[in-house]
Amino acid sequence: MDVLDDILDTLNLRGAFYYRTDFSPPWAVTVPELRQAARFHLVVQGRCHVAFPSGAAVDLGPGDLVLIPRGRSHVIADRAGREAPPLETVLSAVGYDGQGVLAVGDGDPAASTQLVCGHFTFRTGADHPILRALPEFLVTSNAARAREPWLDDVLRLVVRRVFADGAGSAAAVTRLSEVVFIELLRAGIGVDGELRTVLEAFRDRQIGRALQLMHAEPARPWTVESLAAAVGMSRSRFAERFSELMELAPMAYLADWRLQKALSMLDDPRVSVQQVAGQIGYRSPAAFTRAFAARFGLAPTEYRRISINDADRPRGNAGHP
């Protein structure tokens, strides 16, 4: 089993929309916060400056991509120090309706900045050490892409599909952008700190194997002892190494992951709460309901009702960066 694929599938990673820009200088936009989402900006032509409320900033050139986890607010501009009106103000001023190119300014097209932008979403309640470890932003430079052929090929295909603008382009780019997110994590480009440590767990021969076992059979009555034996480690060394890399004890990780699987399974109205409880390792629906409510603040049946209503609700304009 590919653990990373299982995690992102269970957390319901979805490319929500895409758009392309044509910004002629001078220009600047303040992009608002968007919870349960990760934004990205890929520079096709020109340059841009991206600044964050923390004071961190990055300059991007052709081929560079910035991923902004957790939908943090940020400013994108042709250069630092520009006054940056809110996104809604910019959209209203240019009459952008979410279709086609978001064009700002009327300067020399050769000097404009062209971006491919979009975001990814996760289901409400989605949580995992990977998401918690994501930094304020991740930058993938054009040079770094050259060392990761899969990622580079996908990004080139994204750009080609966006600019082809033919039938099915939107759907194709949405799916490809999900692949981009996965490949960014796999490559670990520009990663340091907590995320580097978590990704190391997936590559570790013994801890990675333990994660595969838990993800392949979450309902199995695993213990620290049984997992340690399965990967050829002592109980104490396994528990220490797992906690060091995942920043979570093995049984705490398993308990959290079972409830994430429950969120995913509850999206299917054909599966009863009792079936969900059994398939993720709870001895009774009552025990499952108590654990679920303690973690998410509502009972599984209530979560399912809200989830189904949200799925049926019409989507708003998808034209926002």
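All figures in this text were calculated on a predicted structure; none of them were measured in a lab. (Residues numbered from 1 in each chain as written. Predicted model: local features only at pLDDT ≥ 70, side-chain atom pairs only at ≥ 80, totals over all residues. Heavy atoms only, no water.)

A look at the overall build of the protein
Here is the rule: Helical segments are the DSSP runs of H or I of at least four residues, strand segments are the runs of E of at least two, and each set is numbered from the N terminus. The globule rule used for comparison is 2.2 Å times the number of residues to the exponent 0.38, while the radius of gyration itself is calculated over C-alpha atoms. Exposure is judged per residue with a 1.4 Å probe applied to protein chains only, and the accessible area is read against the type maximum: over 50% gives exposed, under 20% gives buried, and values in between give partly exposed. Residue contacts are counted whenever heavy atoms from the two residues lie within 4.5 Å of one another. The Shrake-Rupley method, run with a 1.4 Å probe sphere, supplies the accessible areas, and residue values consider only the shown protein chains as cover. Residues scored as positive are Lys and Arg, those scored as negative are Asp and Glu, and His as well as the terminal groups of each chain are ignored. Here the site of a charge means NZ on Lys, CZ on Arg, CG on Asp, or CD on Glu.
Along the protein, the regular secondary structure elements total 14 helices and ten strands. Taken against the 2.2 N^0.38 rule, which gives 20 Å for 321 residues, the C-alpha radius of gyration of the protein at 22 Å falls within 12% of a compact globule. Considered along the principal axes of its C-alpha atoms, the protein spans approximately 65 × 40 × 35 Å. Split into buried and exposed, the 321 residues of the protein put 47% on the buried side. Put simply, of all contacts in the protein between residues at least 6 apart along the chain, 76% involve residues at least 24 apart. Just so you have it, the protein exposes about 15100 Å², and 51% of that area is on carbon and sulfur atoms. Distance from the positive charge centre (36 side chains) to the negative charge centre (37 side chains) of the protein: 5 Å.

Points about helix α6 (residues 169-187)
Every α-helix winds through 3.6 residues per turn, so residues three or four apart in the chain are directed the same way. Rules: The span you would expect from a helix comes to 1.5 Å times its residue count less one.
Relative to the 27 Å expected for 19 residues at 1.5 Å per residue, α6 spans 26 Å between its end C-alpha atoms, a close match to the ideal helical length. When we look at burial in α6, the residues that qualify are Ser 169, Val 173, Thr 174, Leu 176, Ser 177, Glu 178, Val 180, Phe 181, Ile 182, Glu 183, Leu 184 and Leu 185. Where α6 ends, the next residue or the one after it, Gly 188, has phi of about 65°, a positive value.

Considerations on the pattern of salt bridges
The line we're drawing: A pair is scored as a salt bridge if a Lys or Arg side-chain nitrogen falls within 4 Å of a carboxyl oxygen belonging to Asp or Glu.
Applying the stated rule across the entire model yields 18 salt bridges. The residue Arg 186 makes a salt bridge to Asp 5 at a minimum N-O spacing of 2.8 Å. With Arg 186 in helix α6 and Asp 5 in helix α1 (residues 3-10), the pair connects residues that are 181 residues apart, well separated along the chain. For Arg 186, a relative accessible area of 31% translates into the label partly exposed. Of the residues examined, Asp 5 reaches a relative accessible area of 35% and is grouped as partly exposed. A salt bridge links Glu 225 to Arg 235, with the nearest nitrogen and oxygen atoms 2.7 Å apart. Taken as a pair, Glu 225 in helix α9 (residues 224-230) and Arg 235 in helix α10 (residues 235-246) lie far apart in primary sequence, ten residues in all. Classification of Arg 235 as partly exposed rests on a relative accessible area of 44%.

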